[in-house]
Amino acid sequence: MIINKKLAIQTAELLLQVNAIKLNIENPFTWSSGIKSPIYCDNRLILSYPKIRKFISNEISKFIDSKIQKEFYVAGVATGSIAIGMLIAENLNKPFVYVRPEPKAHGTNKQIEGVIKKKVPVVVIEDLISTGMSSLKACNSIIENKLDLVGLTSIFTYGFDEAINNFNNKKIRNYSLSSYNYLIEEAVNLDYAKGNDLEMLKKWRENPKE
C-alpha cells in the first residue's frame, strides 16, 4: 500500500532522475531469482544525493511519527536499508538496529544486530520489496525474538501479488513511498520510456516469472 498518490509520484520522479531505477525493455535485467525484468532498482544510489536522501528519509519519518505515539525501535534490513534506516532513526530520535536475512554463520550467530529490549515495538525499514521474501525473513526474525512488530515501510514496491499475499497471510502491515505502477506512468510522462511500452510493462508486473 502506498502512503499517498502525490508522494508516490514525487518519489518515482526522484528515483528516475538519479538512475536509481533503470529501464531496459529490449535487453531486460536478470534478477538473482532468475526473473527477467524490464527495470532494475538500486535505491542505495539515493544515498549519494543529499537532497534526495533527506526527502526520502524525512517523508518516511513523518509517516511513521504520525502512526506511532509511543517508544519504538527502527530496524533496517541488511544491507540495503541500513543507511536509510539509520537516517530515519536519527530523524525520529529512536534506537536503531539492523536485521540480517539469515543468522550470522559465525561468532554469536545473531540475526538482529544492536541492543534491543523485549516488548518494545519495532518498525522495519526496507529499501525495496519485490517478492517480499527478504522483508518477510527480517519481520519473522523480529517476531521469533518475541519483539512487537508494528509493520514495515519501504521506499519502493513492485506490488507483486505474491508479496501482497505473503504479507497479508502473516498479517504484517506494510506501506511504501512509491510503487511500480506509479513508476512506469512517470517513466512515460518524463520520456524515460515510450508510450507504446506502457501496456507491456503493465503485463510484465502481472506475471513476471513468465
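Procedures and definitions
Residues numbered from 1 in each chain as written. Predicted model: local features only at pLDDT ≥ 70, side-chain atom pairs only at ≥ 80, totals over all residues. Heavy atoms only, no water. Helix = DSSP H or I, 4+ residues; strand = E, 2+ residues; numbered from the N terminus. Rg over C-alpha atoms; globule rule 2.2 N^0.38 Å. Buried < 20%, exposed > 50% of the residue type's maximum accessible area, 1.4 Å probe, protein only. Areas by Shrake-Rupley, 256 points an atom, 1.4 Å probe, with all protein chains shown as cover. Lys, Arg positive; Asp, Glu negative; His and termini not counted. Charge placed at Lys NZ, Arg CZ, Asp CG, Glu CD. Pairing = 2+ DSSP bridges. Contact = heavy atoms within 4.5 Å. Axes fitted to C-alpha atoms, helices over the stretch in contact; angles between N-to-C directions. Phe/Tyr/Trp six-rings, centres within 6.5 Å; stacked < 30°, edge-to-face > 60°. Core = buried A, V, L, I, M, F, W, Y, C linked by side-chain atoms within 4.5 Å. Salt bridge = Lys/Arg side-chain N within 4 Å of Asp/Glu carboxyl O. Parallel < 35°, antiparallel > 145°, perpendicular 65-115°, else oblique. Left-handed = near helix turned anticlockwise from the far one by under 90°. Nonpolar A, V, L, I, M, F, W, Y, C, P; charged D, E, K, R; others polar.

A. A look at the overall build of the protein chain. If you tally the helices and strands in the protein chain, you get 7 helices and 10 strands. Since a compact globule built from 210 residues should have a radius of gyration of about 17 Å, the 17 Å found for the protein chain is in line with a globular shape. Judged by the C-alpha coordinates and their principal axes, the protein chain covers about 55 × 35 × 30 Å. A buried classification covers 48% of the 210 residues belonging to the protein chain. With the model as given, the accessible surface of the protein chain reaches about 11,100 Å², and the carbon-plus-sulfur share is 48%. The centroid of the 28 positive side-chain charges in the protein chain is displaced by 7 Å from the centroid of its 22 negative side-chain charges.

B. Seen up close, the sheet that holds strand β9 (residues 148–157). One open sheet holds the 6 strands; their spatial order is β7-β6-β5-β8-β9-β10, and the pairing between them is mixed. One side of each edge strand has no neighbouring strand; the edge strands of this open sheet are β7 (112–113) and β10 (174–179). Strand contacts of helix α3 (residues 82–92): β5 (73–77), β6 (96–99), β8 (121–129) and β9, with the helix running at about 160° to β6, the strand carrying the most contacts.

C. Structural detail: the packing of aromatic side chains. Counted according to the given criterion, the structure contains 11 aromatic pairs. Here F29 and Y40 contribute two aromatic rings whose centre-to-centre distance is 5.7 Å and whose plane-to-plane angle is 40°, an arrangement assigned as tilted. Of the two residues, F29 is situated in strand β2 (residues 29–30) and Y40 in strand β4 (residues 39–41); the sequence distance between them amounts to 11 residues. For F29, a relative accessible area of 23% corresponds to the partly exposed category. Given the relative accessible area of 36%, Y40 is considered partly exposed.

D. How the structure looks around the nonpolar core. I46, I56, I64, F156 and Y158 are the most contacted members of the largest nonpolar core, which totals 43 residues. Elements supplying a minimum of two residues to this core: α1 (5–17), β4, α2 (50–67), α3, β8, β9, α6 (180–189) and α7 (198–206). Ranked by the residues each element gives to this core, the list is headed by α2, at 6 residues. Those residues in contact with I46, other than ones at most four positions away along the chain, are L15, V18, A20, I52, R53, I56, I84 and I155. Residues V77, V124, A138 and A163 belong to the second largest nonpolar core, which totals 20 residues.

E. Broad picture of the side chain of D127. Tracing the chain through its elements places D127 in strand β8. Look at D127: it is buried, it has no salt bridge, and the nearest opposite charge is R44 at 5.1 Å.

F. Layout of the packing of α2 against α3. Packing of α2 against α3 leaves a shortest axis separation of 9 Å and a crossing angle of 55°. Between α2 and α3, the angle falls in the class oblique. When the axes of α2 and α3 are compared, the crossing they make is right-handed. Seen from α2, the contacting residues are R53, I56, S57, N58, I60, S61, I64 and D65; seen from α3, they are I84, L87, I88, N91 and L92. Residue composition of the contact of α2 with α3, by class: 7 nonpolar, 4 polar and 2 charged.

G. The packing of α1 against α6, seen in detail. Axis separation between α1 and α6 bottoms out at 9 Å; the angle between their running directions is 60°. Considering their axes alone, α1 and α6 lie oblique with respect to each other. Of the two elements, α1 crosses α6, and the hand of that crossing is right-handed. Taken together, the residues of α6 that come into contact with α1 (itself represented by K5, A8, I9, A12, E13 and L16) are Y182, L183, E186 and A187. For the contact of α1 with α6, the class distribution of residues is 7 nonpolar, no polar and 3 charged.

Purely geometric numbers; function is a separate question.
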